[in-house]
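Topology and contacts: notes
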2 protein chains.
Amino acid sequence: MQAAMVGWAHTRFGRLDEETLESLVLRVTTEALADAGVAADDVDSIHIGNLGGFDAQSFPAALPLQAAPDLRFKPATRYENACASGSAALHGALDRIAAGRSQIALVIGAEKMNALTTPEVACVLAGCSYQPEEGQLSFPGIFAQMAQAYFDRYGEQLDALAHIAAKNHANGALNPYAHIRKDLGFDYCRHASERNRMVAPPLKVSDCSTVADGAAAMIVVAPERIGDFRKAVGFRATAQVTDYLPMSMRDVIAFEGPRRAFAQAMTAAGARLDDLAFAEVHDCFTIAELLSYEAMGLAQQGEGARVILDGVSRRDGRLPINPSGGLKAKGHPVGATGVSMHVMSAMQLTGSAGDIQVPDARLGAVFNMGGSAVASYVSILEAIK
Amino acid sequence: MQAAMVGWAHTRFGRLDEETLESLVLRVTTEALADAGVAADDVDSIHIGNLGGFDAQSFPAALPLQAAPDLRFKPATRYENACASGSAALHGALDRIAAGRSQIALVIGAEKMNALTTPEVACVLAGCSYQPEEGQLSFPGIFAQMAQAYFDRYGEQLDALAHIAAKNHANGALNPYAHIRKDLGFDYCRHASERNRMVAPPLKVSDCSTVADGAAAMIVVAPERIGDFRKAVGFRATAQVTDYLPMSMRDVIAFEGPRRAFAQAMTAAGARLDDLAFAEVHDCFTIAELLSYEAMGLAQQGEGARVILDGVSRRDGRLPINPSGGLKAKGHPVGATGVSMHVMSAMQLTGSAGDIQVPDARLGAVFNMGGSAVASYVSILEAIK
């Protein structure tokens, strides 16, 4: 038996001017406890994923306590692994549960990015690359280098990237939690324009995930406690792999960290790709989704474009990828993202995903990434009840 | 049986202009592996404590991989709990080991603070207080408020605080890893002067720990692996307690979080204060050491001064507190401190502490704190071999 998610919460993602990091954290804490029907006093530990650096408040671990007096004195810890900080918090909770030290854990991912201007946000995010060598690059610049390297090795893929963007925007249009709820279409995403300007060639605005505020939370319980709850989504397997920070030390478009994380998790789950009903993958940039297709084994290296061009990853395809709209359309409040991906998947696996529901969702995968494929987390999730 | 530390490393603390966060991390990674006799490939996971915010490089989790090619692809995570980030990383490792997911874990604490000026450092640290209410205060200001509140309730304690500072400087003079290796004496610490200026009344420079660069690391192994190593210091018990972040929500000088953490750890260890040979406690400011005496039960509330005035906590007292010199003299590179406290204790418990060795060290306590008694970690450590 395995640990399971038995309740969750998710704010809308986007520009939430009325929200602070604190208000976001308190909101999802309260809502996740209520969703699971867990009393605050029954929480054994609190795990929060947050990148930080976007406003003056650091040290967010204790903020959730303010949601309920009975959370006072519970151990609370912040985890950071760049844009995979949410999954880092989840793994901390899963370790603590497997250690027998927590029966019921509260896992939160949250980020308030829009306290800063977009150039300031880019500067904070840039700290997640290797400063001595990559300090002059923004993250769009880093993924643009990856896209260009991929084009140089395997041929130009602008159609495929635009189709990925268009697919995720079409999916996001159906997701009430998404930042951008507009089906922008292939033509808009394919061509640079006044609104869809070039950010870092070959990447345009439509190739980049959004700067967003938001939070998500989940209640994770030990296997022996699943019986106490009305719904449950199990962690059939999880994997975490860390690769070198400097891009100069590795073949970055080989996506070796994500590849190993997928392989480890799928092997541990005893699952094949055909067993998956969907996957939520880390499309911080469209090229990252294309590389994820290859890392998960949907295509050989250099052939990822086929997955989208053949329709495999579309809503109605053989393996819908990012039915939520992904980071591209749902938005990417960095510390929240890993938790959000798990919550979106839990909705799918409990048949409560509404307009974004995929059919027959019994098994799903989550791939959350920090940096340029530096921190890679994969979860294989299954419907229990 | 319990997990144990089987090897460690510690840089000198202080102003280390030639070192970066990266070089500090690589140094202690290499040295801790060598000290334990562990091959890089045998490490199952990496846990790093770091506050960050002092230079452009965030996302430090992957840095240790650069110390050895065989660390590539190991899962690595950063933990943050303000000045208790080092203990947060340790607890992550202990959970993972107890979960059976790691047999051998590398735990690192590191901070490079002197990339910034002292006022800039103070600004970064101030983010660890509750911004909506305490945003105008520096950390010396916060602990000055606590000292003043204590004086108002229990009487002025300037002699006791100066004796605490003088004790820790006398101890630090003997510690080759310490930032300040000078026995400053009671008179120097008791009176404000040109060199010992008032920082935030009633706290002077001599009441404050130092801004320092430094790192420490330890190899922590599962109980069943202890037999493979030549030395071992066991975690007989650990405890983590989180209190509210806003000081307005609690009686801050009651030190309730530290008190509960001590009580939980001592109970779990089946130990009494008389069983301890020493304790390393979080003297970020002298008032914090005085409050720690009360939290650990060496004195009733309001009577902590007796512990130092009666000589109990001196090197030759009944329970030497901070034989290393503490944060006061050893220095306080914030993310490194929690790991450093455990490494200093491991030296004591293996009889390898040199000039700072306390006699008959079989059991010792560590208390590491984040913020104004917000994050509290206590370890009870015992000599195994």
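Residues numbered from 1 in each chain as written. Chains lettered and ligands numbered in written order. Predicted model: local features only at pLDDT ≥ 70, side-chain atom pairs only at ≥ 80, totals over all residues. Heavy atoms only, no water.

The name an unreviewed UniProt entry assigns to chain A is Acetyl-CoA acetyltransferase, from the organism Denitromonas halophila.

Another point: the overall build of chain A. Scanning chain A for helices and strands turns up 12 helices and 11 strands. Relative to the compact-globule value of 21 Å for 385 residues, chain A shows a C-alpha radius of gyration of 19 Å, a close match. If one aligns the C-alpha atoms of chain A with their principal axes, the spans along those axes are about 55 × 45 × 40 Å. Counting across all 385 residues of chain A, residues that qualify as buried make up 68%. The contacts in chain A between residues at least 6 apart in sequence include a share of 78% that link residues at least 24 apart. In chain A, 33 positive and 42 negative side-chain charges are present, and the distance between their average locations comes to 2 Å. (Helix = DSSP H or I, 4+ residues; strand = E, 2+ residues; numbered from the N terminus. Rg over C-alpha atoms; globule rule 2.2 N^0.38 Å. Buried < 20%, exposed > 50% of the residue type's maximum accessible area, 1.4 Å probe, protein only. Contact = heavy atoms within 4.5 Å. Lys, Arg positive; Asp, Glu negative; His and termini not counted. Charge placed at Lys NZ, Arg CZ, Asp CG, Glu CD.)

Attention shifts here to unusual backbone geometry. It is generally the case that most residues other than glycine have a negative phi and that most peptide bonds are trans. In the segment running from P201(A) into P202(A), the intervening peptide bond is cis, with an omega of 10°. At F73(B), a residue that is not glycine, the phi angle is positive and equals roughly 80°. With respect to the helices, strands and loops of the structure, F73(B) is situated in the loop between β2 (45–49) and β3 (76–80). Among the residues examined, F73(B) registers a relative accessible area of 14% and is labelled buried. The phi dihedral of N322(B) is positive, around 55°, even though this residue is not glycine. By secondary structure assignment, the location of N322(B) is in the loop between α10 (305–309) and α11 (326–330).

Turning next to the packing of aromatic side chains. Taken as a whole and judged by the stated rule, the model has nine aromatic pairs over all chains. Taking 6.3 Å as the distance between ring centres and 35° as the angle between the ring planes, the aromatic pair formed by F139(A) and F143(A) counts as tilted. Highlighted residues: F139(A) and F143(A), both in helix α5 (residues 139–154), separated by four residues, approximately one helical turn. Take F139(A): its relative accessible area is 12%, and that puts it in the buried class. Three or more aromatic residues joined by ring pairs make a cluster, and in this case those are F139(A), F143(A) and F285(A). One Lys or Arg, R260(B), reaches over the ring of F73(A) and ends 3.8 Å from the middle of that ring. (Phe/Tyr/Trp six-rings, centres within 6.5 Å; stacked < 30°, edge-to-face > 60°. Lys NZ or Arg CZ within 6 Å of the ring centre and 35° of its normal.)

According to UniProt, the positions carrying the feature "domain: Thiolase C-terminal" (unreviewed entry) are residues 246–382 of chain A. In residues 246–382 of chain A, helix accounts for 36% and strand for 15%; the two terminal C-alpha atoms are 35 Å from one another. (UniProt positions renumbered as here; feature names shortened; annotations may be inferred.)

Residue and element names in this part refer to chain B. With respect to the helices and strands, the residue H342 is situated in helix α12 (residues 334–349). For H342, a relative accessible area of 1% gives the class buried. A distance of 2.7 Å separates a polar atom in the side chain of H342 from a polar atom in the side chain of S379. Residue contacts for H342: discarding those within four places in its chain leaves M5, S87, L90, M218, F235, V366, S379 and L381. (Polar contact = N/O pair within 3.5 Å; in protein donor to acceptor, adjacent residues only side chain to side chain.)

This part takes up the nonpolar core. By size, the foremost hydrophobic cluster in this structure holds 285 residues, and its most contacted members are F143(A), I219(A), V220(A), F143(B), I219(B) and V220(B). Here V220(A) is in contact with A3(A), A4(A), M5(A), L90(A), L94(A), I97(A), Q103(A), I104(A), A105(A), V107(A) and F235(A), once residues within four sequence places are set aside. (Core = buried A, V, L, I, M, F, W, Y, C linked by side-chain atoms within 4.5 Å.)

Before going further, it helps to spend a moment on the interface of chain A and chain B. On the side of chain B, 55 residues touch chain A, which itself brings 55 residues to the contact. Of the roughly 4,500 Å² buried at the junction of chain A and chain B (both faces included), carbon and sulfur atoms supply 52%. Linking chain A with chain B are eight salt bridges, by the criterion used here. Our count for the chain A to chain B interface comes out at 32 residue pairs in polar contact (both at pLDDT 80 or more). Across the side of chain A that touches chain B, the residue classes tally to 30 nonpolar, 13 polar and 12 charged. (Buried area = accessible area lost by both parts, 1.4 Å probe. Salt bridge = Lys/Arg side-chain N within 4 Å of Asp/Glu carboxyl O. Nonpolar A, V, L, I, M, F, W, Y, C, P; charged D, E, K, R; others polar.)

As a further point, take the UniProt feature "domain: Thiolase N-terminal" (unreviewed entry) in chain A. Within this numbering scheme, the UniProt entry marks residues 6–179 of chain A as carrying the feature "domain: Thiolase N-terminal" (unreviewed entry). Helix makes up 43% of residues 6–179 of chain A and strand 13%, and the two end C-alpha atoms of the span are 25 Å apart.

Laying chain A over chain B is done by rotating through 180° and shifting 0.0 Å along the axis; what remains is an RMSD of 0.0 Å. The superposition of one copy onto the other is thereby described by a two-fold rotation axis. Among all C-alpha atoms of chain A, that of A99(A) lies closest to the rotation axis, at 1.9 Å. When the interface residues of chain A are mapped onto chain B, 100% of them again fall at the interface, so both copies present the same face. (Least-squares fit on C-alpha atoms with pLDDT ≥ 70 in both.)

Before going further, it helps to spend a moment on the side chain of Q66(A). Inspection of the secondary structure assignment puts Q66(A) in the loop between β2 (45–49) and β3 (76–80). Apart from residues no more than four positions distant in its own chain, Q66(A) is found in contact with E22(A), L26(A), Y130(B), Y244(B), L245(B), P246(B) and M249(B).

Moving on, we come to the environment of D159(B). Residue and element names in this part refer to chain B. Within the element layout of this structure, D159 appears in helix α6 (residues 158–172). Along the backbone, D159 and P258 are 99 residues apart, and their C-alpha atoms lie at a distance of 24 Å. Here D159 is in contact with F186 and R190, once residues within four sequence places are set aside.

Residue and element names in this part refer to chain B. Here helix α2 (residues 85–98) spans 20 Å end to end across 14 residues, near enough to the 20 Å set by a 1.5 Å rise per residue. Among the 14 residues that make up α2, 13 are buried, leaving the element largely enclosed by the rest of the structure. Backbone geometry just after α2 places G100 at a positive phi near 80°. (Expected span 1.5 Å × (residues − 1).)

Attention now moves to the packing of α6(B) against helix α9 (residues 286–295) of chain B. Residue and element names in this part refer to chain B. Contact geometry for α6 and α9: axes closest at 9 Å, N-to-C directions at 100°. Considered as vectors, α6 and α9 are oriented roughly perpendicular to each other. Contacts from A160, L161, I164, A165, K167 and N168 in α6 reach T286, I287, E289, L290 and Y293 in α9. Considered class by class, the residues forming the contact of α6 with α9 number seven nonpolar, two polar and two charged. (Axes fitted to C-alpha atoms, helices over the stretch in contact; angles between N-to-C directions. Parallel < 35°, antiparallel > 145°, perpendicular 65-115°, else oblique.)

We now examine the pattern of salt bridges. Summed over all chains, the structure comprises 36 salt bridges over all chains. Between R72(B) and D243(A) there is a salt bridge, with its nearest N and O atoms 2.6 Å apart. With R72(B) in the loop between β2 and β3 and D243(A) in the loop between β8 (233–242) and α8 (256–269), the pair connects residues from two separate chains. Just as R72(B) is buried, D243(A) falls in that class too. One network of salt bridges, with partners in common, ties together D35(A), R230(A) and K231(A).

Let's shift gears to the environment of G351(B). Take G351(B): it is sitting in the loop between α12 and β10 (363–370). Separated by 315 residues in the primary sequence, G351(B) and A36(B) have C-alpha atoms spaced 16 Å apart.

Right, let's talk about the packing of helix α5 (residues 139–154) of chain B against α9(B) for a bit. All names here are of chain B. As a packed pair, α5 and α9 sit with axes 10 Å apart at the nearest point and diverge in direction by 55°. Accordingly, the angle class assigned to the pair α5 and α9 is oblique. In this structure, α5 crosses over α9, and the sense of that crossing is left-handed. Across from F143, M146, A147 and Y150 in α5, the residues of α9 making contact are I287, A288, L290, L291 and E294. When the residues that make up the contact of α5 with α9 are grouped by side-chain class, the tally is eight nonpolar, no polar and one charged. (Left-handed = near helix turned anticlockwise from the far one by under 90°.)

Spacing of three or four residues puts side chains on the same side of an α-helix, whose turn is 3.6 residues. All names here are of chain A. Compared with an ideal rise of 1.5 Å per residue, which puts 15 residues at 21 Å, helix α6 (residues 158–172) spans 21 Å between its outermost C-alpha atoms and is within 8% of the ideal. Most of α6 is tucked away, with 12 of its 15 residues classed as buried. In this fold, the buried residues of α6 make contact with α5, α7 (185–190), β6 (203–204), α9 (286–295), α10 (305–309) and α11 (326–330).

This part covers the confidence of the model for chain A. With 100% of its residues at a pLDDT of at least 70, chain A reaches an overall mean of 97. With pTM at 0.98, the complex prediction returns an ipTM value of 0.98. (pLDDT = per-residue confidence, 0-100.)

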